[in-house]
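Spelled out, the chains give:
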Number of protein chains: 2
Amino acid sequence: MAIADETDLTTYCLQTAEKALAASRVLATVSGQAKNDWLRASAAALRESSDAIAEANARDIANATGYGLTDAQIDRLRLTEDRVEGIASALEQIAMFPDPIGETIDSTVRPNGLSIQKIRVPLGVVFFIYESRPNVTADAAAICVKSGNAVILRGGKEAIHSSQAIVQILQEQAAQFGIPKDALQLVSTTDRAAVGHFLKLNQFIDVAIPRGGEGLIRRVSEEATMPVIKHFDGNCHVYVDQAADLEMAVRVTINSKCHRYGVCNAAESLVVHEAVAEKFLPMIATALAEKGVEIRGDEATCKMLKSAVPATEQDFGEEYLGPIISVKIVADIDQAIAHINRYSSKHTESIITESLAASRKFTTQIDSSAVMVNASTRFNDGGEFGLGAEIGISTDKFHARGPCGIEALTSYKYIVMGDGHVRS
Amino acid sequence: MAIADETDLTTYCLQTAEKALAASRVLATVSGQAKNDWLRASAAALRESSDAIAEANARDIANATGYGLTDAQIDRLRLTEDRVEGIASALEQIAMFPDPIGETIDSTVRPNGLSIQKIRVPLGVVFFIYESRPNVTADAAAICVKSGNAVILRGGKEAIHSSQAIVQILQEQAAQFGIPKDALQLVSTTDRAAVGHFLKLNQFIDVAIPRGGEGLIRRVSEEATMPVIKHFDGNCHVYVDQAADLEMAVRVTINSKCHRYGVCNAAESLVVHEAVAEKFLPMIATALAEKGVEIRGDEATCKMLKSAVPATEQDFGEEYLGPIISVKIVADIDQAIAHINRYSSKHTESIITESLAASRKFTTQIDSSAVMVNASTRFNDGGEFGLGAEIGISTDKFHARGPCGIEALTSYKYIVMGDGHVRS
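Residues numbered from 1 in each chain as written. Chains lettered and ligands numbered in written order. Predicted model: local features only at pLDDT ≥ 70, side-chain atom pairs only at ≥ 80, totals over all residues. Heavy atoms only, no water.

S.K.: What should I look at first to understand the pattern of salt bridges in this one?
M.R.: Proximity of charged atoms lets side chains of opposite charge pair with each other. Residues and elements named next belong to chain A. Per the stated rule, a full pass over the model turns up 43 salt bridges over all chains. The closest approach of N and O atoms between Glu407 and Arg120, which form a salt bridge, is 3.6 Å. Linking Glu407 in the loop between β15 (402-404) and β16 (410-421) with Arg120 in strand β2 (residues 115-122), this pair joins segments that are 287 residues apart in sequence. Of the residues examined, Glu407 reaches a relative accessible area of 41% and is grouped as partly exposed. (Salt bridge = Lys/Arg side-chain N within 4 Å of Asp/Glu carboxyl O. Helix = DSSP H or I, 4+ residues; strand = E, 2+ residues; numbered from the N terminus. Buried < 20%, exposed > 50% of the residue type's maximum accessible area, 1.4 Å probe, protein only.)

S.K.: What is the right way to look at the packing of helix α5 (residues 81-96) of chain A against helix α6 (residues 134-146) of chain A in this model?
M.R.: Relative placement of two packed helices is described by the angle separating their axes and the distance separating the axes. Residues and elements named next belong to chain A. The N-to-C vectors of α5 and α6 enclose an angle of 15°; their axes lie 10 Å apart at closest approach. One way to sum up the angle between α5 and α6 is to call them roughly parallel. Seen from above, α5 lies across α6 with right-handed handedness. The residues of α6 that touch α5, namely those facing Ile87, Ala90, Leu91, Ile94 and Ala95, are Asn135, Ala138, Asp139, Ala142, Ile143 and Lys146. Here the residues of the contact of α5 with α6 are counted per class, giving eight nonpolar, one polar and two charged. (Axes fitted to C-alpha atoms, helices over the stretch in contact; angles between N-to-C directions. Parallel < 35°, antiparallel > 145°, perpendicular 65-115°, else oblique. Left-handed = near helix turned anticlockwise from the far one by under 90°. Contact = heavy atoms within 4.5 Å. Nonpolar A, V, L, I, M, F, W, Y, C, P; charged D, E, K, R; others polar.)

S.K.: I tried to follow the domain arrangement of chain A on my own but got confused; where do I start?
M.R.: Many authors give the size of an interface as the accessible area that is lost as the parts come together. For chain A, the assigned domains are domain 1 (6-229 + 403-416) and domain 2 (236-379). The C-alpha centroid of domain 2 of chain A is placed 36 Å from the C-alpha centroid of domain 1 of chain A. (Domains from an automatic or database assignment.)

S.K.: Could you clarify how one ought to interpret the interface of chain A and chain B in this entry?
M.R.: With 69 residues of chain A at the contact, the number on the chain B side is 69 residues. Summing both sides of the interface, chain A and chain B together bury roughly 5600 Å²; the carbon and sulfur share of this comes to 54%. When residues of chain A are sorted by the area they lose upon contact with chain B, Phe398, Tyr414 and Arg423 of chain A head the list and together hold 17% of the total. Of the charged contacts in the structure, one is a salt bridge between Glu384 of chain A and Arg423 of chain B, with a shortest N-O distance of 3.3 Å. Taken together, the links from chain A to chain B amount to 39 residue pairs in polar contact (both at pLDDT 80 or more). Of all the secondary-structure elements, those providing two or more residues to the side of chain A that touches chain B are β2, α10 (246-258), α14 (356-365), β13 (370-375), β15 and β16 of chain A. Note: β13 of chain A against strand β16 (residues 410-421) of chain B, five bridges, orientation parallel. Residue Ala375 of chain A lies in a different strand from β16 of chain B, and its bridge partner there is His421 of chain B. (Buried area = accessible area lost by both parts, 1.4 Å probe. Polar contact = N/O pair within 3.5 Å; in protein donor to acceptor, adjacent residues only side chain to side chain. Pairing = 2+ DSSP bridges.)

S.K.: Would you take a moment to explain the relation of the copies chain A and chain B for this structure?
M.R.: Relating one copy of the chain to the other requires a rotation about an axis plus a shift along that axis. When chain A is fitted onto chain B, the two copies agree to an RMSD of 0.1 Å after a turn of 180° and an axial shift of 0.0 Å. Taken together, the rotation and translation relating the two chain copies correspond to the operation of a two-fold axis. By C-alpha distance to the rotation axis, the residue of chain A lying nearest is His399 of chain A, at 1.9 Å. Most of the interface of chain A is mirrored in chain B, where 100% of its interface residues are also at the interface. (Least-squares fit on C-alpha atoms with pLDDT ≥ 70 in both.)

This is the structure we're talking about:
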């Protein structure tokens, strides 16, 4: 899979992108029925090919220790029969979603009789850069093709053999449904320089979507010449209002913080109204202690909780991705909103309150992709939102925000019908 | 208006952007009623201040020759009483549009009872860089504030005094409606370096919108660290199909090409089906000759038309913005589509045909922001589309495409309501 030299690599990337653009032009005309039939045929083929997939996966597993993967990472890499079944049924679920392409988003007839329709179209070509879990390869190919986009898949080297096996199976099913093989291409080199080459090719690629660690995402954002759908991190907050049901506040905080530590929609910071702090802090401290979570509190928190460690300024901006939470006490909801808008990643924030006024103020003024009322931050997720597969979560406000499903991979065009209309 | 040195300029730009962000936070909570009242009060104030505006405008006109402006450019710069009335009534028209902010774009209740709403919100802070016409200053301020965005206006130096007078009047009306003065700031220095400083400030500015010559737009696109709404140029095509009404084809082609030469939605290229070329070309050649438009044709065109000049490869990609048109003869509609998708700016293309099949094929396969059927390319315009004021036209597929009105300046967020929901 190594490519001889830099010139060859540049040519390889250019040709891959050119093939993707050509395939996207054909794919834009493929019917929803054909795309869904392809997804179902691919699911069946994956089930029938579980031996071939297992063999490819075994090669990745054999290399994993050499790549320095932890046991947990190796486990995520492993494709059991159950997991292949999971991949296959995910494709079948995507097939059940309505086809987005050609949908009339808006329409109007102008006073002069011109009829104007706003029609949903694919973005074109997606460059998807992601980490090692091989199920992501199938998911991303499915969601891109379903939305009429050609995709260039750049998966982690750790899963390269598994991903190749999966893409080959999906490609083999494509031709019979009029889908060009090049609509889904897996980058065949693991050379890191390839990413840089693709990021320059904005005449072919319409969007880059990096998914992985913050370092990868920063690199892609800086180098990309095309738009990027991304989030850097998730410093998510739970705010316990004066009018909170404190039992609920404990339950939601614990779920937001402890359900899974390493995910972007986990809570990293707790903001508490001073009117309930004295009652609430001991309750949450006990619950967090049971889970082994360390509290880093501001001065007021540390006065009330012996167990709290003093927080530095940096703590309030930190995405711990582990069993630590920062705690800040505020005088009122305005202070809470100001604190959160200053330190959050604009990912997910939740208010716990029984007050309608407080919930309206919080949801209006908090500037984040998802604002929760009396619900765990963990619900900011494409699956939980009912969007089907998710290609990523965006904390930007441009184009797509929050969990990005099929619609985030589409654009629109205007179709204007006249009878020889000219402008006067 | 000169700022002493580079450090001062950096500080000035930073402070302007910080003030804009702070103002945008307040503006996001201002009611639609208050914004509309502000627009109407500003219209009245502009009418009452026509003397002050005329005085400021006279200073710009006095400087115009020194800046090397042509007579036509000086005319566009001039603010007559009629034009001030035009600016005022444009503000009143924007006031009549529904408020976009807070609109529920989509909503769902999940099986677990969580209710999820997708709510329209402002983008935040807009950096708008534009040419010298002073009416654009009022239009842009109005459309940005109406959509809940703070705007940093960077107008051309040629209109700086007129723009300052207008912005001051609009700012004076702001406070009584709870709109922060800093929601609309005119950059007070004409130093070109200021643009570069603003383009670095993506922690404050959510989108940059350049409007002007291709050089300005390329510079902004290259330097901007935030998303950009833009089009570089408009190489728009009219395709005369085999099944065209040829009289209509002449009418629409002449309107598309000759209605105004210097605009981005003017036609620059004519593509003709070979089955009608022999009949159509002499018709259109006569009509174009009457307007003094030069034809640059491919080989087949030159054989049929003595008056045609041979086109080079470059001609087919050219935006003439003047009385020249390129002509290409094709064997079928597929060739026409391939030619257009290759050379067009993805701005506006029109097919002239009586065939339903041809119109469906053309509108599906042409990859441009607006695809016309039997209508002039000149209709790709915010006003003609009924969008109200237009901040620009986008030929990108990301975020907003085609004419960009109020909606193009908005994003959305998810509001999720639960009853203490936690994820299992």
